[in-house]
Amino acid sequence: MNLESLIMFGLEKIAQKIEIPPAGVAADLAIPCFTEDPRVVAEKIRALNNPLFQDVVVVGRYVNISFDVVVLASTVINEVTRQKEKYGWNDMGANKTIFLEYSSPNIAKPMHMGHARNNAIGHSLARLYQASGYTVVTANFIGDWGMSLAKILLAYQKWGDEAAFTKDPIRHLLNLYVRVTEEIAKSGELEDEARALFKMLAAGDAELRALWEKFCAVSLTDFKRVYAMLKIDFDIWNGESFYERFIPTIIDEALVKGVATQAKDGPVVVDCNDPKLPPFLLRKSDGASLYGARDLAVAKWRLTEYPQVEKIVYVVGHEQELYLRQIFRTLGKMGYPEEKFIHVPYGVVTLEGKKISTRTGNIVFLEEGLREATKRAKGIKEVGIGAIIYNMLSMGREHDIAFSWGLALSLTGNSAPYIQYAFVRAKAILEKAKTADSRFKMQDSGIHPVAGDSFFLNLESCIVNPSSHEARLLKLIAFYSEAVRQAHALNAPHIVATFLNNFAQEFNRFYDAVPVLAEGESRALRLTLVGASAQVIKNGLWLLGIDVPERM
């Protein structure tokens, strides 16, 4: 029986909601009782005779539960020791599949610091779902089609330099895109040229096709180099062009089902019959299909290829919220399971107060940012790259964030380096102790007792009160799994980030106040708590897509 089962066993039959009370409340669990008598609920809880529940008291409309720290210590430490890197995992998603789309960069353009947030959120969600027992299918929906690409093709034909392309293809293509965007703003003729060029590409023009494939190849190479730095990979790499063949079929289906309408030789329009969801086009009167048709085709392909999937999750910026609601509602009207489609929105990343834009050239390449972070972290990749990832995840994803090197690399709190330093400090303590105490053995995560439950026979003398540093640290270790569960349930990696920051603070207070290596009957417990703390930090950072360093 794991800690979760020990805490929840019987409670879920008594209470609909179980909360972790805020700081300052002298309890470990709280049960709100606004529709029933809290005294009756308290008696039912006492009748469970759960050895973990030391006190059950009524405070206003709440029933507060305090843990027996001796029972808690034995249970928690044994769970961490046994589960190691999977401590905090659960099986909520057992035998279920999640389809997760994230990243989705455009070819012929670099990934920039704004993409860091999408990648960080998507990668973390994939790991959170995995830690919740799901089979996760990840998809990178690469933008390799459309008018944006046509403009770059046009610019390359007019101003492309083969030598510059060979030296740094992505930067050269970006410069061309910025230039053509500026020129189009001056002259509408270039827009028409790009449109005509795209029609030729779609029709299979051999020269344009070869150039397009060339751009795709160099872009994919560039993307994969950056993904390797972030340790990200995908199960599916299909770009927009892959789904073009399915667009006519999905438009015809929408027309046949009466979800879309078309006047004679006119555009194909979808009306969701909802005042909050305006009509949108699938195809223009000139026969050109639009994004709506493409995304309907993509969604149908995913449902067809992965019929067992429980949810299809889109990690896409919040500016696309209305559009995706239109797409999901249209799928529902066409008879597909609208409830399977989930949008996970997030705010924008700004640089020096300005929105990142490839059109204006106000960007920092993501690869350059990762290398610069590593340089600023004295060459320690785990620290530099982790700093950027954590900076993208530390706030709720609905908020916009302003990237700051100072905040990202801070050693004073709420940063990856701060949390990683707590891990390195824990490992250093364990290294000092491992040769001095034969009762311990080293494992990947730290130091653990050789013996089993009998190791805790004298634990009561080590933890004298629930407010001791040992007890506070122990309770945070115990509640780590709840942070994981909440982060998964809300698609909110920042919950894990916040937990780790608080945990690192508590560990540092423990380290500063307690003579961990001092001889005495408490030494074994304290070293075991250090090992368990190292494991929790390592596990939590892994969920965020961050590695732990060996040194700092």
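Residues numbered from 1 in each chain as written. Predicted model: local features only at pLDDT ≥ 70, side-chain atom pairs only at ≥ 80, totals over all residues. Heavy atoms only, no water.

Whenever I open this one, the pattern of salt bridges confuses me. Can you help?
Side-chain pairing between opposite charges can occur once the charged atoms of the two side chains come close. According to the stated counting rule, one finds 31 salt bridges in the structure shown. Here Lys-17 makes a salt bridge to Glu-19, at a shortest N to O gap of 3.5 Å. One network of salt bridges, with partners in common, ties together Lys-151, Glu-191, Asp-192 and Arg-195. (Salt bridge = Lys/Arg side-chain N within 4 Å of Asp/Glu carboxyl O.)

When you look at a nonpolar patch on the surface in this model, what are you seeing that I'm missing?
On the surface, Leu-411, Tyr-421 and Met-552 cluster together into a nonpolar patch covering about 290 Å² of accessible area. As for its position among the elements, Leu-411 is in the loop between α16 (405-408) and α17 (416-434). Given a relative accessible area of 55%, Leu-411 falls into the exposed group. (Patch = residues over 30% accessible without salt bridge, like charges linked within 9 Å, V, L, I, M, F, W, Y side chains within 5 Å. Areas by Shrake-Rupley, 256 points an atom, 1.4 Å probe, with all protein chains shown as cover. Helix = DSSP H or I, 4+ residues; strand = E, 2+ residues; numbered from the N terminus. Buried < 20%, exposed > 50% of the residue type's maximum accessible area, 1.4 Å probe, protein only.)

Sorry if this is basic, but what is going on with the packing of aromatic side chains here?
The geometry of two aromatic rings is summed up by the distance between their centres and the angle between their planes. Tallying each qualifying case throughout the model produces 29 aromatic pairs. Note on Phe-67 and Phe-479: the rings are 6.1 Å apart at their centroids and 35 degrees apart in plane angle, and the pair reads as tilted. Within this pair, whereas Phe-67 is found in strand β3 (residues 62-67), its partner Phe-479 is found in helix α18 (residues 469-489), the two being separated by 412 residues in sequence. You'll find Phe-67 and Phe-479 in the same group, each marked buried. Taken together, the aromatic side chains of Phe-99, Phe-141, Phe-242, Tyr-243, Phe-246, Trp-301 and Tyr-306 make up a single cluster linked through ring pairs. (Phe/Tyr/Trp six-rings, centres within 6.5 Å; stacked < 30°, edge-to-face > 60°.)

How should the layout of surface pockets be read in this particular structure?
Approximately 880 Å³ is the volume attributed to the second largest pocket. For the second largest pocket, the lining is made up of 27 residues, of which Ile-20, Pro-21, Ala-23, Leu-476 and Phe-479 are closest to its centre. Those elements giving two or more residues to the lining of the second largest pocket turn out to be β3, α18 and α19 (494-513). Residue contributions to the lining of the second largest pocket peak at 7 residues, all from α18. Residues of the lining of the second largest pocket, tallied by class, amount to 14 nonpolar, 7 polar and 6 charged. (1 Å grid on protein atoms, 1.4 Å probe; cavity = no way out; pocket = protein on both sides within 12 Å on 5 of 7 lines; lining within 4 Å. Points joined across faces, edges and corners; volume = space filled by probe spheres on them. Nonpolar A, V, L, I, M, F, W, Y, C, P; charged D, E, K, R; others polar.)

I'm lost on helix α11 (residues 247-256) in this one. Help?
For an α-helix, the turn length of 3.6 residues means that residues three or four places apart are oriented alike. For α11, the set of buried residues is Ile-247, Ile-250, Ile-251, Glu-253 and Ala-254. Across the axial projection of α11, the buried residues extend over an arc of 160 degrees, all falling on one side. Tucked inside the fold, the buried residues of α11 contact β6 (260-262), β7 (268-270), β8 (280-283) and α12 (291-305). One or two positions beyond α11, positive phi appears at Gly-258, with a value near 75 degrees. (Arc of directions from axis to C-beta. Contact = heavy atoms within 4.5 Å.)

Please explain the sheet that holds strand β2 (residues 53-59) as it appears in this structure.
Neighbouring strands of a sheet are bound in pairs by backbone hydrogen bonds; such pairs are parallel or else antiparallel. Spatial ordering of the open sheet is given by β1-β3-β2, a layout of 3 strands whose pairing is antiparallel. Sheet topology places β1 (29-32) and β2 at the edges, where each strand pairs with a single neighbour. For this sheet, the mean inter-axis angle between neighbouring strands, taken without regard to orientation, is 20 degrees. Here β1 pairs with β3 via 4 bridges, running antiparallel. Bridging from a neighbouring strand, Ile-31 pairs with Val-63 of β3. Each of β1, β2 and β3 is contacted by helix α3 (residues 38-46), which is oriented at about 175 degrees to β2, the strand it contacts most. (Pairing = 2+ DSSP bridges. Axes fitted to C-alpha atoms, helices over the stretch in contact; angles between N-to-C directions.)

What am I meant to see in empty space enclosed by the protein here?
Rolled over the atoms, a probe with the dimensions of a water molecule shows which regions are left empty. Under the definition given, this model contains 2 cavities of 30 Å³ or more. Here the largest cavity is characterised by a volume of approximately 80 Å³. Lining the largest cavity, in full, are Ala-116, Asn-119, Ala-120, His-123, Leu-230, Ile-232, Leu-366, Leu-370, Ile-388, Ile-389, Leu-544 and Gly-545. Those elements giving two or more residues to the lining of the largest cavity turn out to be α5 (113-131), α14 (366-376) and α15 (381-393). For the lining of the largest cavity, the leading source of residues is α5, giving 4 residues. Residue composition of the lining of the largest cavity, by class: 9 nonpolar, 3 polar and no charged. Put simply, the second largest cavity is a space of about 40 Å³. Around the second largest cavity, the lining residues are Arg-117, Ile-121, Met-392, Leu-393, Met-395, Arg-397, Pro-493 and His-494. Counting only elements with at least two residues in the lining of the second largest cavity, the list comes to α5 and α15. A breakdown of the residues in the lining of the second largest cavity according to their chemical character gives 5 nonpolar, 1 polar and 2 charged.

Any functional reading would require information beyond the geometric quantities listed.
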